[in-house]
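# Reading the structure
Take a look at the letters that make up each chain.
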Amino acid sequence: MSKQRAGLFIAFEGGDGAGKSTQAARLAEALESRGHTVLRTREPGGTPIGEKLRSLVLDHGHGHIDAHTEALIFAASRAAHATQVIRPALERGEIVLTDRYIDSSVAYQGAGRGLGEDAVRSLNEWATSGLQPHLTVLLDVDPAVGRRRRTAGEAAEDRLESEADDFHTRIRDAFLELARSRPESYLVLPAHHAVGELAEQILERVEILLAAHHAVPADVPVHAPSVGGHP
Ligand code: TYD
């Protein structure tokens, strides 16, 4: 019996105002109450350098940032996040929930900024050495609803959020296309449904995944495959 354990990697994706953080928090709570060790994290950010890159790329006031520079900053933050935080947690057998991952760059920089989805995906696969989520929960939000939800809060919109509605529509379409291209790796839910209902559907899918994945509470040794197909 090997002591090595493989965790489970779940990404939450969707447009701004989709309610990803709320659902990630609900899922973390439900999994922890069932004895799992959960790491909640986010992008851009998740590491000290990533949090610095986050404020560089999101805050207004650094002057114009061209699309290539923007994509590289997100990818740099993600490289640190994958290497320093996500991969080690998966190797410890934990369940990692990240608020945004590669799909956000493919949608926002690839489709939204027009850099091309394949180019942005390649950049990010290189940055993460190919580390992919086992499941992506896509909370699909109508851009107009997302904007209403955001502007109802106290916080001012960041550089990306304050882009025009057609930018957010391209992003929504790109997310849905990503999910359509690999349906087995996605759970797509309408973000306007009740919070509790969404939380139940997400937990149900994750429990099925856990059963299939042989992920177990962290103190049980199991035979485990290498994480994400990497050594
Ligand atoms: P996020 O932290 O999810 O925003 P909030 O917590 O305010 O909802 O993401 C910040 C912004 O960064 C969001 O508009 C999406 C954008 N973003 C990209 O454009 N590309 C990326 O790769 C990532 C991770 C985020």
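Residues numbered from 1 in each chain as written. Predicted model: local features only at pLDDT ≥ 70, side-chain atom pairs only at ≥ 80, totals over all residues. Heavy atoms only, no water.

## Here we look at the overall build of the protein
Of regular secondary structure, the protein possesses 8 helices and 5 strands. What you see in the protein, going N to C, is helices and strands ordered as β-α-β-α-α-β-α-α-β-α-α-β-α. Scaling as 2.2 N^0.38, a compact globule of 231 residues should have a C-alpha radius of gyration of about 17 Å, and the protein matches this with 17 Å. With the C-alpha coordinates of the protein rotated into their principal frame, the extents come out at 55 × 35 × 35 Å. Expressed as a percentage of its 231 residues, the buried residues of the protein come to 48%. Restricting to contacts in the protein with at least 6 residues of sequence separation, those with at least 24 account for 77%. Of the accessible surface of the protein, which amounts to about 10,800 Å², a share of 55% is contributed by carbon and sulfur atoms. Placing the 25 positive and 33 negative side-chain charges of the protein at their respective mean positions leaves the two points 2 Å apart. (Helix = DSSP H or I, 4+ residues; strand = E, 2+ residues; numbered from the N terminus. Rg over C-alpha atoms; globule rule 2.2 N^0.38 Å. Buried < 20%, exposed > 50% of the residue type's maximum accessible area, 1.4 Å probe, protein only. Contact = heavy atoms within 4.5 Å. Areas by Shrake-Rupley, 256 points an atom, 1.4 Å probe, with all protein chains shown as cover. Lys, Arg positive; Asp, Glu negative; His and termini not counted. Charge placed at Lys NZ, Arg CZ, Asp CG, Glu CD.)

## Points about the packing of helix α4 (residues 102–112) against helix α5 (residues 117–127)
Two numbers describe how α4 lies on α5: the axes approach to 8 Å, and their chain directions differ by 145 degrees. At the point where α4 passes α5, the crossing takes the right-handed sense. Touching Ile102, Ser105, Val106, Gln109, Gly110 and Ala111 of α4 are Glu117, Val120, Arg121 and Asn124, all from α5. Along the lines of polarity and charge, the residues of the contact of α4 with α5 split into 4 nonpolar, 4 polar and 2 charged. (Axes fitted to C-alpha atoms, helices over the stretch in contact; angles between N-to-C directions. Left-handed = near helix turned anticlockwise from the far one by under 90°. Nonpolar A, V, L, I, M, F, W, Y, C, P; charged D, E, K, R; others polar.)

## Focus on the nonpolar core
Grouped together as the largest cluster of nonpolar side chains are 29 residues, with contacts concentrated most on Phe9, Ile86, Tyr101, Tyr108 and Leu131. Put simply, the parts of the chain that give this core at least two residues each are β1 (8–14), α2 (48–58), α3 (67–91), α4 and α7 (165–181). Tyr108 has contacts with Gly14, Gly15, Asp16, Arg100, Arg113, Leu160, Phe167, Ile171 and Phe175, leaving out every residue within four places of it along the chain. Counting 25 residues, the second largest nonpolar core, distinct from the first, contains Phe12, Ala18, Val38 and Leu189. (Core = buried A, V, L, I, M, F, W, Y, C linked by side-chain atoms within 4.5 Å.)

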